[in-house]
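Take a look at the letters that make up each chain.
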Amino acid sequence: MLPEIITKIPGPNSRALAENLRQYESRNITYVSNDFPIFWDRAKDTNVWDVDNNRFLDLTSAFAVSSLGHSCPELVSAFAEQSEHLMHGMGDVHPTMQKVQLCKKLSSLTFERWTGKKAKTILSSSGSESIESALKTASIATEKHGVISFEGCYHGTGFGSLSAGAMPRFKDPFIKQLSDFGNIVPYGNTGLEQVKKILLNECIGAVIVEPILGRGGKVVPENDFLPSLRSLCDEHNALLIIDEIYTGLNRTGKLFACEHWDVVPDIICLGKALSGGFPISACIGKASIMDAWPESDGEAIHTSTFLGHPGGCAMALASLNKHSNPEIATDVSIKGTHFKELLENIDTPSSGSVRGMGLMLGLEIIDHDGKPNGSLASKVIPSALRSGLITLADGPSGHVIVFAPPFTISEEEMFFAAEWFKTELKTSS
Ligand SMILES: Cc1ncc(COP(=O)(O)O)c(C=O)c1O
C-alpha cells in the first residue's frame with residue numbers, strides 16, 4: 001500500500017514515548033530529536049504503522065531484516081508454533097531438534113551447493129557475534145592472528161567485530177580498548193597491492209570482506225576484486241571470510257552475493273534476513289576448517305545463553321525454505337533493475353550515482369561540486385518520513401540514501417518512492 005502524507009511527525013503518542021525514552025535509555029543508542037523517531041506499532045509486508053496510526057512505506061526492510069515482507073505469515077506461524085511448544089532450550093548443553101535442522105540446512109544451502117562438501121555452523125544472536133565466531137575460527141584454524149579488512153566495511157559493534165571493522169565513527173570512541181590485530185586497506189582493486197604486501201610480510205590468518213558495502217554506502221566492487229582476494233588467500237594460507245549479513249539471502253538478486261563472482265569463501269556470516277525478525281545469526285564454514293575447534297570436554301569454550309534458540313531456529317528454517325526458491329532471486333533481480341532505473345531517472349543537481357545490486361540500492365546525494373552532501377541527506381530523510389517514506393542514510397558521510405525494501409514491494413510503490421525523491425531533490429537542489 002502507498003504511504004500516507006503525514007504533516008505532524010512525530011505524532012503525540014510517539015512524542016510522549018520519545019520523551020520517556022530520553023529519560024530512561026542511555027544516550028547515543030536511539031537518536032531522539034524534535035522530528036525523530038516515530039515509534040513502530042505494527043507492520044505488514046512493506047507497510048509500517050506507528051503508535052499514532054500513521055502508515056509508512058518501509059524502504060529499509062528494517063535494517064534489511066524483513067526481506068520477505070513484515071510479518072511474513074510462514075515466519076509468524078513458525079515462531080508461534082515453536083514458542084507454544086518450547087520457548088527456550090539449553091543451546092549448547094541440551095539443544096533442540098530445530099538447531100540440528102538449521103545447521104544441516106545452512107550446510108546444504110552454502111558449501112554443499114558450492115562444493116558438494118559439508119559445512120559446520122556456529123549459531124549466535126547478532127551479526128556482530130557471528131563475525132567474532134569467524135575471527136576466532138580463523139585464529140584457531142590458521143594459528144595466525146592478523147586480519148585484513150577494508151575501508152568502509154562494517155562488521156558490528158562487539159569489540160572483535162569493531163576491531164575488524166573500519167568505520168571511524170564507531171571505533172574512535174573506544175579505540176584504546178580495541179585490539180590491533182586488524183590491517184585496514186582500501187576497498188576494491190585499489191587495495192589489492194596492499195593486501196598482497198601485508199599477506200607476504202605479516203602473520204595473517206584471515207581476510208574479511210563485505211562483497212558489497214552495506215552501511216559503507218552500497219558500493220559494488222570491481223568484478224575481479226573478490227576473485228583476486230580468493231586467489232591471494234589461497235596463495236598465503238589465509239581464510240577468506242565473507243560477511244553476507246546484509247547481502248545474504250537474495251538481497252542482491254542471488255541467494256548469496258559472492259555467487260555474482262563465483263567465489264566460494266572459507267567462512268560466510270549470515271544474520272538479519274536469516275530469520276526475518278528474530279535475533280539469530282550464523283558463522284558457517286567448510287567442515288575441514290571448522291574442525292580446528294577442539295572437541296568439547298564438557299564446557300564449551302565458545303557459547304552463549306541463547307545460542308540456537310528454538311524460536312529463532314524455527315523462524316530461520318521457515319525463512320530458508322522460502323529463500324531456497326530460485327524464483328525469489330529472479331524476482332529481486334528484476335525488481336532491483338527496475339527500481340535502479342527509476343532512481344537513475346532522478347536527474348537533479350543533488351542526485352549522484354545510484355549504487356548497489358538487486359534490492360540493495362543507494363542514491364548518492366551530492367553538492368554542486370559533486371562531493372558527498374550528508375547534510376542535505378540528513379534533511380531529506382525526516383522530510384521523507386513526513387511523506388510516509390522510511391529510509392536511512394549510509395556511507396562514510398551519511399550521504400547515500402538507502403533503498404532496500406522488502407521483496408514484496410510493488411511497481412506502484414517503487415514508482416511512488418522514486419517520484420517523491422525526484423520532486424524533493426528538485427526543490428532542495
Ligand atoms: C555487513 C554487516 N555485518 C555485520 C553487521 C552487524 O550485525 P548486527 O547489527 O546484527 O550485530 C551488520 C549490521 O548492519 C552488517 O551490515
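Residues numbered from 1 in each chain as written. Predicted model: local features only at pLDDT ≥ 70, side-chain atom pairs only at ≥ 80, totals over all residues. Heavy atoms only, no water.

### Quick word on the overall build of the chain
- The secondary structure content of the chain amounts to 15 helices and 15 strands.
- Its C-alpha atoms give the chain a radius of gyration of 21 Å, within 12% of the compact-globule value 22 Å for 429 residues.
- Along the three orthogonal principal directions, the C-alpha set of the chain runs to about 60 × 55 × 45 Å.
- Counting all 429 residues of the chain, 55% fall into the buried class.
- Summarising the internal contacts of the chain: among those between residues at least 6 apart in sequence, 72% fall at separations of at least 24.
- Surface exposure of the chain reaches about 19,100 Å², of which carbon and sulfur atoms provide 53%. (Helix = DSSP H or I, 4+ residues; strand = E, 2+ residues; numbered from the N terminus. Rg over C-alpha atoms; globule rule 2.2 N^0.38 Å. Buried < 20%, exposed > 50% of the residue type's maximum accessible area, 1.4 Å probe, protein only. Contact = heavy atoms within 4.5 Å. Areas by Shrake-Rupley, 256 points an atom, 1.4 Å probe, with all protein chains shown as cover.)

### Observations concerning helix α14 (residues 374-386)
- Look at α14: 19 Å from first C-alpha to last across 13 residues, which is about the 18 Å you get at 1.5 Å a residue.
- Listed as buried for α14 are G374, L376, A377, V380, I381, P382, S383, A384 and L385.
- Packing partners of the buried residues in α14 comprise β3 (55-58), β12 (360-365), β13 (389-390), β14 (393-394), β15 (400-403) and α15 (411-428).
- With its phi angle positive at about 85°, G388 sits one or two positions after the end of α14. (Expected span 1.5 Å × (residues − 1).)

### Regarding the site of the ligand
- Taken together, the residues surrounding the ligand are S126, G127, S128, Y154, H155, G156, E210, R215, D243, I245, Y246 and K272.
- The contact in question runs from a nitrogen atom of the ligand to an N or O atom on the backbone of Y154, over 3.2 Å.
- Within the complex, the protein chains bury 83% of what would otherwise be the 390 Å² of accessible surface of the ligand.
- Its residues assigned to classes, the shell around the ligand shows 3 nonpolar, 5 polar and 4 charged. (Near = heavy atom within 4 Å. Polar contact = N/O pair within 3.5 Å; in protein donor to acceptor, adjacent residues only side chain to side chain. Nonpolar A, V, L, I, M, F, W, Y, C, P; charged D, E, K, R; others polar.)

### Here's the deal with the side chain of R55
- Its location among the elements puts R55 in strand β3.
- Under the relative-accessibility criterion, R55 is labelled buried at 17%.
- Side-chain polar atoms of R55 contact the backbone oxygen of L2, separated by 2.7 Å.

### Focus: the confidence of the model for the chain
- Looking at the chain as a whole, its pLDDT mean stands at 96, while 100% of the residues score no less than 70.
- The weakest mean pLDDT in the chain belongs to helix α8 (residues 168-171) at 92; the strongest belongs to strand β9 (residues 267-270) at 99. (pLDDT = per-residue confidence, 0-100.)

### Section: unusual backbone geometry
- Between F36 and P37 the backbone carries a cis peptide bond, its omega angle lying at -5°.
- Note that P37 resides in the loop between α1 (12-24) and β1 (40-44).
- The residue N28 is not glycine, and still its phi comes out positive at about 65°.
- In this fold, N28 is placed in the loop between α1 and β1.
- Residue N28 is classed as exposed on the basis of its relative accessible area of 72%.

### Details of the side chain of N47
- Inspection of the secondary structure assignment puts N47 in strand β2 (residues 47-50).
- For N47, a relative accessible area of 3% corresponds to the buried category.
- Of note is the side chain of N47, whose polar atom sits 3.0 Å from the backbone oxygen of M1.
- Aside from chain neighbours lying at most four places away, what touches N47 is M1, R55, F56, L57 and H70.

### A short note on the pairing of β3
- The side-chain alternation of β3 yields two buried faces, one formed by R55 and L57 and the other by F56 and D58.
- Bridge analysis of β2 against β3 gives 3 bridges, and the strand direction is antiparallel. Bridge pairing in β3 places N47 opposite L57.
- Here β2 folds back onto β3, and the loop between the two strands holds 4 residues, one of which, N53, carries a positive phi near 70°.
- The sheet contact formed by β3 and β13 spans 2 bridges and is parallel. Bridging from a neighbouring strand, L57 pairs with L389 of β13. (Pairing = 2+ DSSP bridges.)

### Digging into the sheet that holds β15
- One open sheet holds the 4 strands; their spatial order is β11-β12-β15-β14, and the pairing between them is antiparallel. Each of the sheet's edge strands pairs with one partner strand only, and the pair in question is β11 (351-357) and β14.
- Alignment of β14 against β15, held across 2 bridges, turns out to be antiparallel. Bridge assignment links A393 to a residue of β15, and that residue is I401.

### Some details on the nonpolar core
- Core analysis: the largest hydrophobic core is formed by 88 residues, its most contacted members being F150, L229, F339 and F421.
- Residues from two domains meet in this core; each of domain 1 (12-58 + 327-428) and domain 2 (73-324) gives at least three.
- In contact with L229, other than residues within four places in its own chain, are F150, L192, V195, V207, V209 and L240.
- Residues A138, I241, I245 and M290 belong to the second largest nonpolar core, which totals 18 residues. (Core = buried A, V, L, I, M, F, W, Y, C linked by side-chain atoms within 4.5 Å. Domains from an automatic or database assignment.)

### Considering the packing of helix α4 (residues 97-109) against helix α12 (residues 310-323)
- Two elements in contact, α4 and α12, have axes whose closest approach is 9 Å; the angle formed by their N-to-C orientations is 35°. The two elements α4 and α12 cross, and the hand of that crossing is left-handed. In contact with Q98, K99, Q101, L102, K105, L106 and L109 of α4, α12 contributes P310, C313, A314, A316, L317, L320 and N321.
- Per-class residue counts for the contact of α4 with α12 are 9 nonpolar, 3 polar and 2 charged. (Axes fitted to C-alpha atoms, helices over the stretch in contact; angles between N-to-C directions. Left-handed = near helix turned anticlockwise from the far one by under 90°.)

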